[in-house]
Amino acid sequence: KVHEIAAEYFREQLAAPAGGRARAQLAERGVTAQTVEQLGLGFAPNSRDGLKARLLKQGFNQALLLQSGLLAQRDNGEQVDRFRNRLMFPIHNETGKVNGFGGRALAADDEPKYLNSPETPIYKKSYVLYNLHRAKDGVRKLGRVVLVEGYMDVIGVFCSGVKEVVATCG
């Protein structure tokens, strides 16, 4: 549930004024608003505690948020939003439930370029294929799968009409 609320928060932030740069980058790559909606893409604002505040207000405790991978703990013990100033890709399990995220840096000098959710009790990146929950019907029907390197590669192929496309998350 916490990941579903986080995905909703990221989608809201992409539509908000702060998400303008992320929307522009998507548009530059030919990603339509319809595809953004269909894939549930979002934006993590450059805030240390925007998502944290939303989830605490929803009644989740900080220990769960840390375990979920949505917060990161600094050396001084402070817990902050893991994803900041990033285009967000929700990662789903095979049934379509969000169980992790990939975040692409918006600024060229932000490192790492891609930041993924850490391994958690519900997210094991070596067991997950990005977009599998959408691709599986096409895979069954066509008897093939198109495996690409990353999130944006999936989106590019998906936008071209090939729906049986997936990528590894690790």
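Summary of the structure given here. Owing to the predicted nature of the structure, the values given are computational and were not obtained by experimental measurement. (Residues numbered from 1 in each chain as written. Predicted model: local features only at pLDDT ≥ 70, side-chain atom pairs only at ≥ 80, totals over all residues. Heavy atoms only, no water.)

## Comments concerning the pattern of salt bridges
Tallying each qualifying case throughout the model produces 5 salt bridges. Here Glu78 ties to Arg48 by a salt bridge, and the two come within 2.2 Å at their closest N and O atoms. Remark: Arg48 occurs in the loop between strand E1 (42-44) and helix H4 (50-57) and Glu78 occurs in the loop between strand E2 (71-73) and strand E3 (79-81); sequence separation between them is 30 residues. With a relative accessible area of 26%, Glu78 lands in the partly exposed category. Classification of Arg48 as partly exposed rests on a relative accessible area of 40%. With a closest N to O distance of 3.8 Å, Glu78 and Arg74 form a salt bridge. (Salt bridge = Lys/Arg side-chain N within 4 Å of Asp/Glu carboxyl O. Helix = DSSP H or I, 4+ residues; strand = E, 2+ residues; numbered from the N terminus. Buried < 20%, exposed > 50% of the residue type's maximum accessible area, 1.4 Å probe, protein only.)

## Concerning the sheet that holds strand E7 (residues 129-130)
Spatial ordering of the open sheet is given by E7-E9-E8, a layout of 3 strands whose pairing is mixed. Edge strands, defined here as strands with exactly one partner in the open sheet, are E7 and strand E8 (146-148). In this sheet, strand E9 (residues 165-168) lies alongside E7 in antiparallel orientation, the contact comprising 2 bridges. Its bridge partner lying in E9, Tyr130 is registered against Ala167. Packed on one face of the sheet, helix H7 (residues 151-159) meets E7, E8 and E9 and runs near 175° to E9. (Pairing = 2+ DSSP bridges. Contact = heavy atoms within 4.5 Å. Axes fitted to C-alpha atoms, helices over the stretch in contact; angles between N-to-C directions.)

## Comments concerning the sheet that holds E1
Read across the open sheet, the 4 strands follow the order E1-E4-E5-E6; overall the sheet is antiparallel. A single partner strand is all that each edge strand has here, and the edge strands are E1 and strand E6 (114-116). Here the strands of the sheet are splayed against their neighbours by 35° on average, with no regard to which way each runs. In this sheet, strand E4 (residues 86-92) lies alongside E1 in antiparallel orientation, the contact comprising 3 bridges. Its bridge partner being in E4, Ala44 is matched across the sheet by Arg86. Strands in contact with helix H1 (residues 2-15) are E1, E4 and strand E5 (98-105); relative to E5, the strand with the most contacts, it is inclined by about 35°.

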